Amino acid sequence: MTDPLIRGANRMLAITLLGTGSPMPDPHRAGPATLVTGGAEQFLVDAGRGVLMRLGGAASSAGQLSAVLLTHLHSDHITDLNDVITSRWVLTFEPSPLTIVGPIGTRTVVDHILASLEPDIGYRIAHHDDLYYPPPVEVIEVTEGKIDLGGQVAVSCAPTDHKPVEPSIGFRFDYDGASVVVAGDTVPCEGLDRLCAGAQALVHTVIRKDVIENVPVKRMQDTLDYHSSPEEAAKTAARAGMETLVLTHYVPAFPSGGGEDWRELAAAHFAGTIELGDDLHRVEVHPS
Ligand SMILES: [Zn+2]
């Protein structure tokens, strides 16, 4: 029988910010990716640059993932999906299908990734007697509602607003009384509000609009209209009565140990706990 104290300690969801960076390469921040774990289940939300290195830093690996969940198909959120697919395939020693959940369009992207890997798949099947099958991948395209992944952690999704990137979705995880929403890239919207209602923690990508709007580069300014600022993310968390806001995807990135100004901007609109930091920053969400 499980010790009640140990059982109690397990009643939580853990959030690990695997990559707090953005499309801009940064020597210290990997691309967008977040790990959510509940019990023995591990969910990778987005698969940006360097995701497998950071998974290793979080004592996880492609082989341990219950599923990969994609918020949208912007390149910075999926650059290393090929690495997740290939590493899962090569480094597990029996067929271990990788479940990839994402918005409509995900299947096409995965098919193209697999097509790009065709030479590699051929080399490895020819070279390893026990690797006689291509990467087993199951793609589930979703729009809204519960997603049946067969585990103890309940996963659901709702549409977000990252236009003109369409469709985009956020994910919610409910496990034994703990609840976490991972928003991805979005402006404040009704779909995200719906997903957040009654949840405890919100992981939200943000950009400093007050900084970017003064950068005289059109391509940077173009990003203002489809991301949230720390203030907007804070208002979303406050509207839903959440306990914790976790900021990630820092544009422009702040140095390690910094970010207090980001926290203050959010704190003006949200009275709960605000978390931010370096890659591998970890937040535990216990049932309230
Ligand atoms: Zn995006």
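See the structure above.
Criteria and thresholds
- Residues numbered from 1 in each chain as written.
- Predicted model: local features only at pLDDT ≥ 70, side-chain atom pairs only at ≥ 80, totals over all residues.
- Helix = DSSP H or I, 4+ residues; strand = E, 2+ residues; numbered from the N terminus.
- Rg over C-alpha atoms; globule rule 2.2 N^0.38 Å.
- Buried ≥ 20, exposed ≤ 12 C-beta atoms within 10 Å, placed from the backbone.
- Contact = placed C-beta atoms within 7 Å.
- Core = buried A, V, L, I, M, F, W, Y, C linked by C-beta atoms within 7 Å.
- Pairing = 2+ DSSP bridges.
- Axes fitted to C-alpha atoms, helices over the stretch in contact; angles between N-to-C directions.
- Parallel < 35°, antiparallel > 145°, perpendicular 65-115°, else oblique.
- Left-handed = near helix turned anticlockwise from the far one by under 90°.

Participant: It is not clear to me how the overall build of the protein should be interpreted in this structure. Could you clarify?
Facilitator: Secondary structure summary: the protein contains eleven helices and 14 strands in total. Taken over C-alpha atoms, the radius of gyration comes to 19 Å for the protein, in line with the 19 Å a tight globule of 288 residues would show. A principal-axis box enclosing the C-alpha atoms of the protein has dimensions of 60 × 55 × 35 Å. Evaluated residue by residue, the protein yields a buried proportion of 43% over its 288 residues. Pairs at least 24 apart in sequence give 64% of the contacts found in the protein among residues at least 6 apart.

Participant: Looking at this model, I keep getting lost on the nonpolar core. Mind explaining?
Facilitator: Burial of nonpolar side chains together is a common tendency in soluble globular proteins. Counting 67 residues, the largest nonpolar core has Val 68, Val 180, Leu 202 and Leu 245 as the members making the most contacts within it. Excluding residues that lie within four positions of it along the chain, Val 68 makes contacts with Leu 44, Ala 47, Leu 81, Val 84, Leu 98 and Ile 100.

Participant: I tried to follow unusual backbone geometry on my own but got confused; where do I start?
Facilitator: Peptide bonds are, in most cases, trans, and in most cases residues other than glycine have a negative phi. In the segment running from Lys 163 into Pro 164, the intervening peptide bond is cis, with an omega of 15°. Following the sequence through the fold, Pro 164 ends up in the loop between β8 (154–159) and β9 (169–175). The omega torsion across Val 251 and Pro 252 is -5°, close enough to zero to call that bond cis. In this fold, Pro 252 is placed in the loop between β12 (244–251) and α11 (260–267). Phi is positive for Asp 46, close to 70°, though the residue is something other than glycine. C-beta crowding within 10 Å serves as the criterion here: with 30 such atoms nearby, Asp 46 is assigned to the buried category.

Participant: I would appreciate a short explanation of the sheet that holds strand β5 (residues 98–102) in the present structure.
Facilitator: Sheet strands pair by backbone hydrogen bonding; their relative direction is either parallel or antiparallel. Ordered by their spatial adjacency, seven strands build an open sheet running β6-β5-β4-β3-β2-β1-β14, and the pairing between neighbours is mixed. Each of the sheet's edge strands pairs with one partner strand only, and the pair in question is β6 (137–141) and β14 (281–285). Strand after strand, the sheet turns through a mean of 20° between neighbouring axes, direction not considered. Contacts from helix α5 (residues 106–116) reach β5 and β6, with the element oriented near 155° to β6.

Participant: It is not clear to me how the packing of helix α10 (residues 230–239) against α11 should be interpreted in this structure. Could you clarify?
Facilitator: The description of two helices packed together rests on the angle between their axes and the distance between the axes. Contact geometry of α10 with α11 gives a least axis separation of 7 Å together with a crossing angle of 45°. Viewed along their axes, α10 and α11 adopt a mutual orientation that is oblique. The interaxial crossing formed by α10 with α11 has right-handed handedness. Facing α10, whose interface residues are Pro 230, Glu 231, Ala 233 and Ala 234, α11 presents Trp 262, Leu 265 and Ala 266.

Participant: Whenever I open this one, the pairing of strand β1 (residues 13–19) confuses me. Can you help?
Facilitator: Residues in a regular strand point their side chains to alternate faces of the sheet. The buried fraction of β1 is high, at six of seven residues. Summarising the sheet, β1 and β14 pair through five bridges and their orientation is antiparallel. Residue pairing across strands places Leu 13 opposite Val 285, the latter belonging to β14.

Participant: In this structure, what is going on with the sheet that holds strand β10 (residues 178–182)? I would like to understand it.
Facilitator: Pairing is mixed across the open sheet formed by seven strands, whose spatial order is β7-β8-β9-β10-β11-β12-β13. Bordering the open sheet on either side are β7 (145–147) and β13 (273–275), each of which pairs with just one other strand. Sheet twist, expressed as the mean angle between neighbouring strand axes with direction ignored, is 25°. Bridging between β12 and β13 involves three bridges; their strand directions are parallel. Bridge pairing in β13 places Val 246 opposite Glu 275. Strand contacts of α10: β11 (201–207) and β12, with the helix running at about 160° to β11, the strand carrying the most contacts.

Participant: Explain the pairing of β10 here, please?
Facilitator: The buried fraction of β10 is high, at five of five residues. Pairing of β9 with β10, which is carried by five bridges, proceeds in the antiparallel orientation. Note that in β10 the partner of Arg 172 across the bridge is Val 181. Here β10 runs beside β11; their pairing, made up of three bridges, is parallel. Counted as the bridge partner of Val 182 is Val 203 from β11.

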